[in-house]
Amino acid sequence: MKNAMMKIDHDPNLSDDERKVLVRSLRKLEHMNQYIFNTVHMKKIYGDVFVERFFSSLDVQRE
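Residues numbered from 1 in each chain as written. Predicted model: local features only at pLDDT ≥ 70, side-chain atom pairs only at ≥ 80, totals over all residues. Heavy atoms only, no water.

All right, on to the packing of aromatic side chains then. With the rule as written, the count across this model stands at four aromatic pairs. Each ring, one from Phe-37 and one from Phe-54, has its centre 5.5 Å from the other, and the planes form 75 degrees; the classification is edge-to-face. Of this pair, Phe-37 sits in the loop between helix H2 (16–29) and helix H3 (39–46) while Phe-54 sits in helix H4 (residues 48–58), and the two are 17 residues apart along the sequence. Taking relative accessible area as the criterion, Phe-37 reaches 25% and is therefore assigned partly exposed. Classification of Phe-54 by relative accessible area gives buried; the value is 1%. Judged by centre distance (5.0 Å) and plane angle (85 degrees), the ring pair of Phe-37 and Phe-55 falls under edge-to-face. (Phe/Tyr/Trp six-rings, centres within 6.5 Å; stacked < 30°, edge-to-face > 60°. Helix = DSSP H or I, 4+ residues; strand = E, 2+ residues; numbered from the N terminus. Buried < 20%, exposed > 50% of the residue type's maximum accessible area, 1.4 Å probe, protein only.)

Okay, structure coming up:
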């Protein structure tokens, strides 16, 4: 989680609003060992670019 937060802090392509939403989303996951993401729903709300940044900050692979 710390690595994801550092990536977000140092990403020059993120706006302040995007950074706040990403950090808020990651903090919700902080104490969870596992989580299933509804990526279709996330894309409807935040858009494709945001969802890609979110998962790239986590360094996870999606199917």
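Next, the rest of the story.
The next thing to look at is the pattern of salt bridges. Where side chains of opposite charge bring their charged atoms close, a pairing between them can arise. Scanning all chains against the criterion turns up two salt bridges. Asp-16 is the partner of Arg-19 in a salt bridge, and the nearest nitrogen-oxygen pair spans 3.6 Å. Residue Arg-19 and its partner Asp-16 are located together in helix H2, separated by three residues, close to a single helical turn. (Salt bridge = Lys/Arg side-chain N within 4 Å of Asp/Glu carboxyl O.)

The end-to-end C-alpha separation of H2 is 20 Å, in line with the 20 Å expected for 14 residues at 1.5 Å each. Every buried residue of H2 is accounted for by Arg-19, Leu-22, Val-23, Ser-25, Leu-26 and Leu-29. Burial along H2 is one-sided: seen end-on, the buried residues are contained in an arc of 165 degrees. Exposed residues pointing more than 90 degrees away from the buried face of H2 are listed as Asp-16, Asp-17, Arg-27 and Lys-28. The secondary structure elements touched by the buried residues of H2 are helix H1 (2–9) and H4. (Expected span 1.5 Å × (residues − 1). Arc of directions from axis to C-beta. Contact = heavy atoms within 4.5 Å.)

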